[in-house]
There are 2 protein chains.
Amino acid sequence: MAQSRALDDGTAHDGRRDLAAMIVPLGRALMAAESPVLRAHGLSMWAYSVLLALGEEPVRTQNALAQAIGADKTRIIGVLDGLQERGLIERRPDPGDRRVRLLSLTAEGRRLRDSAQAGIRERETRLLARLPAADRTAFLRALRTLSSLPEDEIIDPE
Amino acid sequence: MAQSRALDDGTAHDGRRDLAAMIVPLGRALMAAESPVLRAHGLSMWAYSVLLALGEEPVRTQNALAQAIGADKTRIIGVLDGLQERGLIERRPDPGDRRVRLLSLTAEGRRLRDSAQAGIRERETRLLARLPAADRTAFLRALRTLSSLPEDEIIDPE
DNA sequence: GCTTATCATCTGCTCATGCAGATCATTGAT
DNA sequence: ATCAATGATCTGCATGAGCAGATGATAAGC
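Residues numbered from 1 in each chain as written. Chains lettered and ligands numbered in written order. Predicted model: local features only at pLDDT ≥ 70, side-chain atom pairs only at ≥ 80, totals over all residues. Heavy atoms only, no water.

Enquirer: Looking at this structure, I do not really get the interface of chain A and chain B. What am I missing?
Expert: For interface size, the figure often reported is the accessible area lost on association. On the chain B side, the residues contacting the 59 residues of chain A number 59 residues. The junction of chain A with chain B conceals about 6200 Å² of combined surface from both sides, 62% of it contributed by carbon and sulfur atoms. For the pair chain A and chain B, the interface holds 11 salt bridges. With its nearest N and O atoms 2.6 Å apart, the salt bridge here joins R121(A) to D14(B). Here chain A is connected to chain B by 25 residue pairs in polar contact (both at pLDDT 80 or more). Going through the elements one at a time, α1 (19–40), α2 (45–53), α5 (107–128), α6 (133–148) and α7 (151–155) of chain A are the ones with two or more residues in the side of chain A that touches chain B. It is α1(A) that contributes the most residues to the side of chain A that touches chain B, 13 residues altogether. Its residues assigned to classes, the side of chain A that touches chain B shows 28 nonpolar, eight polar and 23 charged. (Contact = heavy atoms within 4.5 Å. Buried area = accessible area lost by both parts, 1.4 Å probe. Salt bridge = Lys/Arg side-chain N within 4 Å of Asp/Glu carboxyl O. Polar contact = N/O pair within 3.5 Å; in protein donor to acceptor, adjacent residues only side chain to side chain. Helix = DSSP H or I, 4+ residues; strand = E, 2+ residues; numbered from the N terminus. Nonpolar A, V, L, I, M, F, W, Y, C, P; charged D, E, K, R; others polar.)

Put into C-alpha cells, the structure is as follows:
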C-alpha cells in the first residue's frame, strides 16, 4: 500500500477515480455544452427534457411525466404552461378520467425538439471523436446499459 | 426520417439518447449510492471531495482547492473548519506568504479517506460487473479520457 | 349519498449554490 | 511610505430544487 498514491489525483489503489468523481463533473460540463443550443431554440433544460420525454403516444398524467424526467410535479407546471402557449405540446383531459391530463407533442414541438437534438448531437460527435472508435462504441453501449438500470439497482447493486 | 422515432424514449435518429440525458441521472444515482458509505464515515460529499483532493503534497491556497473540486471558495470554509477540528486535515500558513494556507491530510484523514473510498469502490465493482469485461475496460478508459478534458473542451469541442 | 382517494394547481418554507461585496492581514510594486 | 492586489473569511442576496400542505374537481368504493 506504500504505492497507493503514486499520483495525487483522487485515485484509489487501482489507479482510477471514483465513478461519481468522474461522471458528475462530466455531466455538468455536458449540460453547459447543451446550454447555447437550447438557448438558440428558446428552450430551458426542463422544457427540453419534457419535449424529449413526449413521443408518439401521449403521456398520461403530469406526475408520470415529472417522474420520468426527474422533476418535481409542481415545478413543471409552469414549464408545461409555457410549452403549451408556444404550441409545442398539447394537454387534454383523459376522456375516461377528467382529473388526468394527456400530454402530447405537436408537430411544431417535434420539429423543435429534433432540431435542438441535432445541434446537441453534432457537438457530442465532435467530443466523442477524441475516443478510438472501438472505445467509443463500447463506451456508448456501457453507458446505455448503466443509465437504463433502475435507480435502486445503481444505489444498491446486487 | 419516418422511422426517426421507432421507440419513444428520447432517442435521436441513430437510436441513442443525448449524453447528458444518460450521464446526469447516472451521476445523481452514483452520488446517492455513495451517500450511506459517506454517512457511515461521518463525511459530507464536500468533505469527502476535499479529502480526495488532498494528497502527498500540500495544496497551496484554499481557492485552488475549491476550484479543483468544483466548489465555491467561500462555501468550503466551513467544511475545512470541520475537517480541521476532527484532525483530518491541517491548515498552515505558507512561510513564504502568510496570506496563503497550505492544506494537507493528516494520517487519520488519509485512513478515513481510504476507508470510505474502499467502501465506494466495492459498490462500484458490483455495479460494473453488469458489463462484459471488455466493455467495462473500454468504458473506464473512455470515461477517464473524457472526464480529464478541460471543461471548455467539452463545452465547445474543437 | 357519503367518504376517501387521486390529479392538477398553487403556495410556502427550507436548503444548497453561485456570486458579489466588505473586511482584515499580508504582499508586491512604486 | 503609499497604493493596489491577493487570500481567507464572513455575509447578503437571488435562484432553483425538494417537499409539504391546501384547494377544487373528479373518480372510486361502500
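Enquirer: Can you help me understand the layout of surface pockets in this one?
Expert: Estimated volume of the largest pocket: approximately 1100 Å³. Along the walls of the largest pocket sit 39 residues, with A68(A), R17(B), A21(B), M22(B) and P25(B) positioned nearest its centre. Taken together, the elements giving at least two residues each to the lining of the largest pocket come down to α1, α2, α3 (62–68), α6 and α7 of chain A together with α1 (19–40) of chain B. When residues in the lining of the largest pocket are grouped by element, the largest group, eight residues, is from α1(B). In terms of residue class, the lining of the largest pocket is made up of 19 nonpolar, nine polar and 11 charged. One number sums up the size of the second largest pocket: a volume of about 820 Å³. Around the second largest pocket, the lining comprises 31 residues; the ones closest to its centre are R17(A), A21(A), P25(A), A68(B) and I69(B). Going through the elements one at a time, α1 of chain A together with α1, α2 (45–53), α3 (62–68) and α7 (151–155) of chain B are the ones with two or more residues in the lining of the second largest pocket. (1 Å grid on protein atoms, 1.4 Å probe; cavity = no way out; pocket = protein on both sides within 12 Å on 5 of 7 lines; lining within 4 Å. Points joined across faces, edges and corners; volume = space filled by probe spheres on them.)

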